[in-house]
Amino acid sequence: MKLTEQDILNASILIVDDQQANVALLETLLGDAGYTHVSSTMNPVEVGSLHRKNAYDLILLDLQMPEMDGFQVMECLKANIQNDYLPVIVLTAQPGHKLRALQSGAKDFISKPIDVIEVQTRIHNMLEVRLLYKKLENYSKLLEEKVQERTAELRESEARFRSLTELASDWYWEQDENGKFTKVSGPVLEMLGIQVDSFTDTKAQAVIDNSNDNAGWDEEERKELQDIISARKPFIDFSFSRTLSSGARKFYRVSGAPIFDQSSRFIGYRGIGVECKEMP
């Protein structure tokens, strides 16, 4: 994130001082230095509303003012800004006020009577930090928007994938990290010999859990598949079979892949399956 000298000179600056002579001095000093967006007010009560409207990059704030001093102005600003960054340099002739001003949220201070080199240096440094902060903040927002946009695209792609796999296979299935079925689409329950009147995730899982391990499965094949799933490996066209009580054999192929969340934590499996006429 590069910052040019012109970026700094184009920053928006507000001068707050109840003395016209001080305002004129600072306006002249900033104008001679090349700053192009400088405004001022002699009424400290206006500062909160002006900052809400214009979001100044820097506020040069006198501390000694009638009706509302600089400390009260900073409290008003902190109550009305959306973040914790207070872009304020205070102007003070009181050495004892410098620490209090920094503790109140000011980022720097300028001593009175004003030294031209000191003012130019502190203002330039303050604006450089402020503008880099804003660039970083804007970049973070843009990155967050891109992530949200990409997440939406992935969810849409996942929905299309599910629809296509359901059309291209006899069933679609999902399991959580504990091996519990969270979604089954297609005639898998009937194909595997599990009878259920109306499918719900909870009810179907209960039927599966209480079906005597679906007698007739080839145990070696089942163990091999379970080992693959336990290792969280993807598998394609895994073949397995089941012998019915009538003596007939059913053959199946199943493909699956582990699912991970955004923090790379394993959260389950998803896959598809088909019934075959004979062992492939």
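*Asks:* Could you clarify how one ought to interpret the side chain of aspartate 18 in this entry?
*Replies:* For aspartate 18, the position within the fold is in the loop between strand 1 (12–16) and helix 2 (20–33). Here aspartate 18 sits buried without a salt bridge, and the closest side chain of opposite charge, lysine 112, lies 6.3 Å off (N-O distance). Of the polar contacts made by the side chain of aspartate 18, one reaches the side chain of glutamine 19; its length is 3.4 Å. Dropping the residues within four chain positions of it, aspartate 18 is found in contact with Met42, Asp62, Gln64, Met65 and Pro66.

*Asks:* Any chance you could explain the environment of methionine 74 here in plain terms?
*Replies:* Inspection of the secondary structure puts methionine 74 in helix 4 (residues 70–80). Judged by relative accessible area, which is 0%, methionine 74 ranks as buried. Ignoring anything within four residues of it in the chain, the contact list for methionine 74 reads Leu61, Leu63, Leu86, Val88, Val90, Ala101, Ser104 and Ala106.

*Asks:* In this structure, what is going on with the sheet that holds strand 2 (residues 37–41)? I would like to understand it.
*Replies:* Working definition: the strands of a sheet are paired by backbone hydrogen bonds and lie parallel or antiparallel to each other. Strands sit in the order 2-1-3-4-5 across an open sheet of five strands; the sheet is parallel. In this open sheet, the two edge strands, each paired with only one partner strand, are strand 2 and strand 5 (108–111). Neighbour to neighbour, the strand axes of the sheet diverge by 20 degrees on average, direction disregarded. Pairing analysis gives five bridges linking strand 1 to strand 2, with the strands arranged parallel. The residue of strand 2 that forms the bridge with serine 12 is histidine 37.

*Asks:* Help me out: how do you make sense of the sheet that holds strand 8 (residues 235–243) in this one?
*Replies:* Read across the sheet, five strands follow the order 7-6-10-9-8 without closing on themselves; strand pairing throughout is antiparallel. Each edge of the open sheet carries a strand with a single partner, namely strand 7 (181–185) and strand 8. On average, each strand axis in the sheet is inclined to that of its neighbour by 25 degrees, with strand direction left out of account. Of the pairings in the sheet, the one linking strand 6 (residues 171–176) to strand 7 comprises four bridges and is antiparallel in character. The residue bridging tyrosine 172 from the neighbouring strand is serine 185, located in strand 7. Taken strand by strand, helix 9 (residues 219–230) contacts strand 6, strand 8, strand 9 (249–260) and strand 10 (266–276), and its axis lies near 150 degrees from that of strand 8.

*Asks:* What is the right way to read unusual backbone geometry from this model?
*Replies:* In most cases, non-glycine residues show a negative phi, while peptide bonds are predominantly trans. Between lysine 112 and the following residue, proline 113, the backbone shows a cis peptide bond with an omega angle of 0 degrees. Checked against the element boundaries, proline 113 lands in the loop between strand 5 and helix 6 (116–168). Located in the positive-phi region is arginine 232, a residue other than glycine, with phi close to 60 degrees.

*Asks:* Before we go on, may I ask you to explain the pattern of salt bridges in this structure?
*Replies:* Between side chains of opposite charge, a pair can form as their charged atoms come close. One pass over the full model with this rule turns up ten salt bridges. With its nearest N and O atoms 2.8 Å apart, the salt bridge here joins arginine 122 to aspartate 108. Residue arginine 122 is located in helix 6, and its partner aspartate 108 is located in strand 5; the two are separated by 14 residues in the primary sequence. Assessed through its relative accessible area of 18%, aspartate 108 is described here as buried. Note that arginine 253 and aspartate 237 form a salt bridge whose closest N and O atoms lie 3.5 Å from each other. In this pair, arginine 253 is assigned in strand 9 and aspartate 237 in strand 8, connecting sequence segments 16 residues apart. Among the residues examined, arginine 253 registers a relative accessible area of 28% and is labelled partly exposed. Judged by relative accessible area, aspartate 237 falls into the partly exposed class, the value being 43%. Residues participating in the shared-partner salt-bridge network are Asp17, Asp62 and Lys112.

*Asks:* Whenever I open this one, the nonpolar core confuses me. Can you help?
*Replies:* Buried together is how nonpolar side chains tend to be arranged in soluble globular proteins. Counting 21 residues, the largest nonpolar core has Leu30, Tyr35, Leu58, Leu60, Ile123 and Leu127 as its most contacted members. Counting only elements with at least two residues in this core, the list comes to helix 1 (5–9), strand 1, helix 2, strand 3 (58–62), strand 4 (88–92) and helix 6. With five residues, the single largest contributor to this core is helix 6. Setting aside anything within four residues of it in sequence, one finds tyrosine 35 in contact with Ile8, Leu9, Ile13, Leu30, Ile123, His124 and Leu127.

*Asks:* Hey, could you run me through the pairing of strand 4 in this one?
*Replies:* Regular strands have side chains that alternate between both faces of the sheet. By the criterion of burial, strand 4 is predominantly enclosed, with five of the five residues buried. Covered by surrounding structure in strand 4 are Val88, Val90 and Thr92 together with Ile89 and Leu91, the residues of both alternating faces. Bridging between strand 3 and strand 4 involves four bridges; their strand directions are parallel. Residue pairing across strands places isoleucine 59 opposite valine 88, the latter belonging to strand 4.

*Asks:* It is not clear to me how the confidence of the model for the protein should be interpreted in this structure. Could you clarify?
*Replies:* If pLDDT is low for a region, its predicted coordinates should not be looked at in detail. Residues with a pLDDT of 70 or more make up 82% of the protein, whose mean pLDDT is 81. Here residues 193–213 is modelled with pLDDT under 50, and outside its nearest four sequence neighbours on either side it reaches 23 contacts, counting other chains as well.

Reading the values: rules and limits
- Residues numbered from 1 in each chain as written.
- Predicted model: local features only at pLDDT ≥ 70, side-chain atom pairs only at ≥ 80, totals over all residues.
- Heavy atoms only, no water.
- Helix = DSSP H or I, 4+ residues; strand = E, 2+ residues; numbered from the N terminus.
- Buried < 20%, exposed > 50% of the residue type's maximum accessible area, 1.4 Å probe, protein only.
- Lys, Arg positive; Asp, Glu negative; His and termini not counted.
- Salt bridge = Lys/Arg side-chain N within 4 Å of Asp/Glu carboxyl O.
- Polar contact = N/O pair within 3.5 Å; in protein donor to acceptor, adjacent residues only side chain to side chain.
- Contact = heavy atoms within 4.5 Å.
- Pairing = 2+ DSSP bridges.
- Axes fitted to C-alpha atoms, helices over the stretch in contact; angles between N-to-C directions.
- Core = buried A, V, L, I, M, F, W, Y, C linked by side-chain atoms within 4.5 Å.
- pLDDT = per-residue confidence, 0-100.

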